[in-house]
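Structure at a glance
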Amino acid sequence: FPFKIAGPIAGYIVILWTGFGFFKKLTKLDYRQVIENHKKEEKIKHHLSGKWDYESSVVENNGNKLPNKGCASFQVSEKNKLEITGNWFPSNNPEGNPVGHWEAERVIIDDKKLIMLYKVPKSEHFEETTGVVNLIMEGEKNKKRNKVATMKGYWTVLGRDMSGTVVYTRAKDKRCKI
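Here we summarise the structure given alongside this text. (Residues numbered from 1 in each chain as written. Predicted model: local features only at pLDDT ≥ 70, side-chain atom pairs only at ≥ 80, totals over all residues. Heavy atoms only, no water.)

Before going further, it helps to spend a moment on the overall build of the protein. Along the backbone of the protein there are 2 helices and 8 strands. Starting at the N terminus and ending at the C terminus, the protein contains elements arranged as α-α-β-β-β-β-β-β-β-β. Within the protein, the proportion of its 178 residues that are buried is 31%. When contacts within the protein are restricted to residue pairs at least 6 apart in sequence, long-range pairs at least 24 apart make up 42% of them. (Helix = DSSP H or I, 4+ residues; strand = E, 2+ residues; numbered from the N terminus. Buried < 20%, exposed > 50% of the residue type's maximum accessible area, 1.4 Å probe, protein only. Contact = heavy atoms within 4.5 Å.)

Of all hydrophobic cores here, the largest spans 27 residues; its most connected members are Leu 48, Phe 74, Trp 102, Leu 114 and Tyr 168. Discounting residues that sit within four places of it in the chain, Tyr 168 has contacts with Trp 52, Asp 53, Tyr 54, Ala 72, Phe 74, Trp 102, Met 116, Leu 135, Ala 149, Thr 150 and Met 151. (Core = buried A, V, L, I, M, F, W, Y, C linked by side-chain atoms within 4.5 Å.)

A word on the side chain of Ser 49. Residue placement: Ser 49 occurs in the loop between α2 (31-48) and β1 (50-59). Each residue touching Ser 49, except ones within four places of it in the same chain, is listed here: Phe 74, Gln 75, Val 76, Lys 147 and Arg 170.

Under the defined criterion, the tally for this structure stands at 5 salt bridges. Here Lys 152 and Glu 138 are joined by a salt bridge, their closest N and O atoms 3.9 Å apart. Here Lys 152 is found in strand β7 (residues 148-157), whereas its partner Glu 138 is found in strand β6 (residues 129-139), with 14 residues between them in sequence. Overall, the relative accessible area of 34% leaves Glu 138 in the partly exposed class. Members of the salt-bridge network, linked through shared partners, are Glu 105, Lys 119 and Glu 128. (Salt bridge = Lys/Arg side-chain N within 4 Å of Asp/Glu carboxyl O.)

Before going further, it helps to examine the pairing of strand β4 (residues 100-109). The pairing of strand β3 (residues 82-89) with β4 spans 4 bridges and is classified as antiparallel. By the bridge assignment, Trp 88 is partnered in β4 with Gly 100. Two elements, β4 and strand β5 (residues 113-120), share 6 bridges in a ladder whose sense is antiparallel. In the strand pairing of β5, Ile 109 is matched with Leu 114. Here β4 folds back onto β5, and the loop between the two strands holds 3 residues. (Pairing = 2+ DSSP bridges.)

Written out as structure tokens, the structure reads:
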């Protein structure tokens, strides 16, 4: 530009330019594809419904991996929203009672992926934390049932140096009473 743009005018131009780019993309959007994707998402939500066991590893700062077990409930609400809650068992006593609880605040689903923003509420043992789980869905061998059998991926706690891998399988653990 032959002249300098600064301050509020520059901000306005950036917002206007970004908005125009978004509008161009929106007008090119194929609404039939949007509706088709929505129908797929609805099917996937129902395929995920039910109880799930999970095993995860917690990677400590020193590089040690601690095993962790838990269970989760995936339910489709009356408002057609996938609601996910879970708990975990202590790594030193996986057969004991659950020591923590978490719940999904936001769930994003596509054909083969589930991304969940979760929150662990404050309790006597834990501070309130927020994290992200990123899972790849895998189907069953029996195509007639068309249900997701396992989900594998990783998790992380936001703002902390805590992360690990996780594998969800259909629940077999009788302790899963969520």
